[in-house]
Amino acid sequence: SQTIHQWPATLVQPVGSPLSLECTVEGTSNPNLYWYRQAAGRGLQLLFYSVGIGQISSEVPQNLSASRPQDRQFILSSKKLLLSDSGFYLCAWNGQPLANYGYTFGSGTRLTVV
Amino acid sequence: GNSVTQMEGPVTLSEEAFLTINCTYTATGYPSLFWYVQYPGEGLQLLLKATKADDKGSNKGFEATYRKETTSFHLEKGSVQVSDSAVYFCAMNRDDKIIFGKGTRLHILP
């Protein structure tokens, strides 16, 4: 069966420090992968998605970047964190076709920038 | 454009009350429709889905029917429990992505 792993679960980082969040999927190949952010008390914002190795689409210009170095690995990064980067970060993948399966989400990373 | 609109919360109900959370969508064509649930501190879980008009999705006592004529996918449950307290997101698929509503926070009082 397919599983998705996200880590770390919580992270407290100072302003200006770098960030690396990792997401991996098991039990499937060539998944579409997504990074979402959920600010406190607000909805979901799509940050990046990827349909294959090295293929990244950015939805919102910002202080973050994403990479997909391997088929089932998706990394969210920042060189210098801002206070506004605080939030709950969720990784997701979808079964094919998307219309039938929707997304499967990881358990999330709560990032607090101080 | 493509969008999902759901009722704003929070919604507060007593245990065993009837629940309705309204959701409407705007889209070209006929998307699949989803309800996701997010329990405190967790990621989102798929609650139910419907892939075509008049389909009814159901799970854990929740139901929603895909109404093409009213472009709606309202979530219902006949008798809510305290454990149903969570945030509920209505969503649809478009162009390899899922578009989410803003979420409705549900509080169930014992």
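Only a predicted model underlies this, so the values are computations on that prediction, with no experimental measurement involved.

S.K.: Just checking my understanding: could you explain the interface of chain A and chain B for this structure?
M.R.: As a measure of interface size, the accessible area lost when the parts come together is often cited. In this complex, chain A contributes 20 residues to the contact, which on the side of chain B involves 18 residues. Approximately 1,500 Å² of surface area, both sides summed, lies buried where chain A meets chain B, with 59% of it carried by carbon and sulfur atoms. Linking chain A to chain B there are zero salt bridges. Linking chain A with chain B are six residue pairs in polar contact (both at pLDDT 80 or more).

S.K.: Looking at this structure, how should I read the state of the cysteines?
M.R.: Here, the word disulfide means a covalent bond between the sulfur atoms of two cysteines. Residue and element names in this part refer to chain B. For the structure shown, the criterion picks out two disulfides over all chains. What pairs with C23 in a disulfide is C90, and their sulfur atoms sit 1.9 Å apart. Between C23 and C90 the sulfur-sulfur dihedral comes to about -70 degrees; the bridge is accordingly left-handed. Separated by 67 residues along the polypeptide, C23 in strand β4 (residues 23-26) and C90 in strand β10 (residues 86-94) bring together distant segments of the chain. Pair check on accessibility: C23 and C90 agree, each one buried.

S.K.: I keep staring at the layout of surface pockets and nothing clicks. Help me out?
M.R.: In this approach a probe as big as a water molecule rolls over the atoms, and the regions it shows empty are the leftover space. Approximately 810 Å³ is the volume found for the largest pocket. Around the largest pocket, the lining comprises 35 residues; the ones closest to its centre are A:Q38, A:G41, A:R42, A:G43 and B:K102. Looking at the lining of the largest pocket, the elements that each hand over two or more residues are β4 (32-38) and β5 (44-52) of chain A together with β1 (3-6), β10 and β12 (104-109) of chain B. Taken together, the residues that form the lining of the largest pocket break down as 13 nonpolar, 15 polar and seven charged. Every residue along the wall of the second largest pocket is listed here: A:Y36, A:L44, A:Q45, A:L46, A:E59, A:V60, B:R94, B:D95, B:K97, B:I98, B:I99 and B:F100. Residue assignment for the lining of the second largest pocket shows that the elements contributing at least two residues are β5 of chain A together with β11 (97-100) of chain B. Among the elements that line the lining of the second largest pocket, the one with the most residues is β11(B), at four residues. Of the residues contributing to the lining of the second largest pocket, the split by class is seven nonpolar, one polar and four charged.

S.K.: I'm lost on unusual backbone geometry in this one. Help?
M.R.: A negative phi angle is the norm for most residues apart from glycine, just as the trans form is the norm for most peptide bonds. In this chain, A:W7 is followed by A:P8 through a cis amide linkage whose omega measures 0 degrees. Turning to its location among the elements, A:P8 is positioned in the loop between β1 (3-7) and β2 (10-13). Cis rather than trans, the peptide bond between B:G9 and B:P10 has omega equal to 0 degrees. Locating B:P10 in the fold gives a position in the loop between β1 and β2 (11-14). The backbone of B:D96 sits at a positive phi, close to 65 degrees, despite the residue not being glycine. On the accessibility criterion, B:D96 (43% relative accessible area) is partly exposed.

Definitions and limits used
- Residue positions are given per chain, counting from 1 as you read along its sequence in written order.
- Each chain takes a letter, starting from A, and each ligand takes a number, starting from 1, following the order in which they are written.
- A pLDDT threshold of at least 70 governs which residues receive local features in this predicted model, and a stricter bar of 80 or more applies before side-chain atom pairs are shown or counted, although totals over entire chains, interfaces and linings include all residues.
- To get the side-chain values, all heavy atoms of the structure are used, and hydrogens and water are removed first.
- Every residue pair with non-hydrogen atoms within 4.5 Å of one another is taken to be in contact.
- Buried area is understood as the total, over both parts, of accessible area removed when two parts are fitted together, assessed with a 1.4 Å probe.
- Only one rule defines a salt bridge in this text: a Lys or Arg side-chain nitrogen within 4 Å of an Asp or Glu carboxyl oxygen.
- For the purposes of these results, a polar contact is taken to be a pair of N or O atoms within 3.5 Å, where, inside protein, one atom must be able to donate a hydrogen and its partner to accept one; residues adjacent in sequence count only when each atom of the pair is a side-chain atom.
- Any pair of cysteine sulfurs within 2.5 Å is marked as a disulfide.
- Only DSSP runs of H or I covering at least 4 residues are called helices, and only runs of E covering at least 2 are called strands; the numbering of each starts at the N terminus.
- Type-normalised accessible area, obtained with a 1.4 Å probe on protein chains alone, sets the label of each residue: buried when under 20%, exposed when over 50%, and partly exposed for intermediate values.
- Using protein atoms alone on a 1 Å grid, points that fit a 1.4 Å probe yet trap it form a cavity, whereas open point sets bounded by protein on both sides within 12 Å along at least five of seven lines form a pocket; residues with an atom within 4 Å of a point count as lining.
- Grid points are joined across faces, edges and corners, and a volume is the space filled by probe spheres set on the points.
- The nonpolar class holds Ala, Val, Leu, Ile, Met, Phe, Trp, Tyr, Cys and Pro. Asp, Glu, Lys and Arg form the charged class, and all remaining residues, Gly among them, are polar.

None of the figures reported here should be taken as evidence of function without further support.
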